[in-house]
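Residue-level listing of the chains:
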Amino acid sequence: SFHFNFESAALATMIAHIPITVLAYFEILPSSDSPDDGDRMSLWNRVFSGGIFMLFLFFGRNIVAPFGVQSPNVFLDKVCIHQVDDDIRGKGIMKLGAFLARSEEMVILYTNIYLLKLWTIYEVAAFLAMRENAAQTMKVVPVSLVGLVLAACTYAYCISAGSALLIFTKISFQYIVPIGV
């Protein structure tokens, strides 16, 4: 999801900043009017931006599908090539060339065991041999890096949204509880 949805998640987040910033600037969104609550626009952007980014990162293709945007077809060799039965795996490996010939790019989710299997080396070599610009269309993504990036994004959003919610709670109580009573 990170590979296919990151750009649309970043774009959706930037687009969402515009109406939020306008609504906050014209004071349509409430603020605490306290000098220590920070910038009103950044408060609302902090609340919504991370959530919009994560929503589109994980579900971006599902969100835009009703508008006619097509998702790419994905051949995931770990799922499409049998991992246990040697006969079925052999038949799947024999068909790799057909899948690779129709592939526009190759994303390798790299782990320490990826290059220990002969058919994964064959898969990479065949992809490289089939196209002139293979270096530009092949991406190697360490699986450990994906988890680290997602954990960092989640942590940053939780910190940002948490601080914004603390400020928002202060704003809410200001409107509910009369001050000086």
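Residue numbers run consecutively from 1 along every chain, following the written order of its sequence. Given that the model is predicted, a residue must reach a pLDDT of at least 70 before its local features are reported, and side-chain atom pairs must reach 80 or more before they are shown or counted; all residues, however, enter totals for whole chains, interfaces and linings. The side-chain quantities take in all heavy atoms of the structure and omit both hydrogens and water.

So, the overall build of the chain
Item 1. Counting from the N terminus, the helices are DSSP H or I runs at least four residues long and the strands are E runs at least two residues long. Along the backbone of the chain there are eight helices and two strands.
Item 2. Along the chain direction, N to C, the helices and strands of the chain fall in the order α-α-α-α-α-β-α-α-β-α.
Item 3. Note on classification: 1.4 Å probe, protein chains only; a residue is buried when its accessible area is under 20% of the maximum for its type, exposed when over 50%, partly exposed between these limits. Split into buried and exposed, the 181 residues of the chain put 27% on the buried side.
Item 4. Contacts spanning at least 24 positions in sequence make up 68% of the contacts within the chain whose residues lie at least 6 apart.
Item 5. Just so you have it, the chain exposes about 12300 Å², and 68% of that area is on carbon and sulfur atoms. Here, two residues are considered to be in contact whenever any of their heavy atoms come within 4.5 Å of each other. Values of accessible area rely on a 1.4 Å probe in the Shrake-Rupley scheme; residue burial ignores everything except the protein chains shown.

Let's talk about the confidence of the model for the chain
Item 1. Summing up the model confidence of the chain, the mean pLDDT is 75 and the portion of residues at 70 or higher is 75%.
Item 2. Summarising per-element confidence for the chain, the mean pLDDT is lowest in helix 3 (residues 77–80) (66) and highest in helix 6 (residues 118–130) (85). Each residue carries a pLDDT value, the predictor's own confidence for that position, ranging from 0 to 100.

Some thoughts on the packing of aromatic side chains
Item 1. Here a Phe, Tyr or Trp ring, Trp counted by its six-membered ring, pairs with any other such ring whose centre lies within 6.5 Å, and the pair is stacked when the planes are under 30 degrees apart, edge-to-face when over 60, and tilted otherwise. Tallied over the entire structure, the rule returns two aromatic pairs.
Item 2. Here the aromatic rings of phenylalanine 6 and phenylalanine 53 are separated by 5.7 Å at their centres, their planes lie at 80 degrees, and the arrangement is edge-to-face. Here phenylalanine 53 lies in helix 2 (residues 40–64) and phenylalanine 6 lies in helix 1 (residues 2–25), a separation of 47 residues in the sequence.

Quick look at helix 6
An α-helical segment advances 3.6 residues per turn. Residues three or four places apart therefore align on the same side.
Item 1. Every helix has an expected span of 1.5 Å times one less than the residues it contains. The end-to-end C-alpha separation of helix 6 is 18 Å, in line with the 18 Å expected for 13 residues at 1.5 Å each.
Item 2. Those residues of helix 6 that fall on the buried side of the exposure criterion are Trp119, Thr120, Glu123, Val124, Ala126 and Phe127. Viewed end-on, helix 6 has its buried residues packed into an arc of 165 degrees, placing them on one side of the element. Looking at helix 6, the residues exposed on the side facing more than 90 degrees away from the buried face are Leu118 and Ala129. To obtain the arc, one takes the directions from the helix axis to the C-beta atoms.

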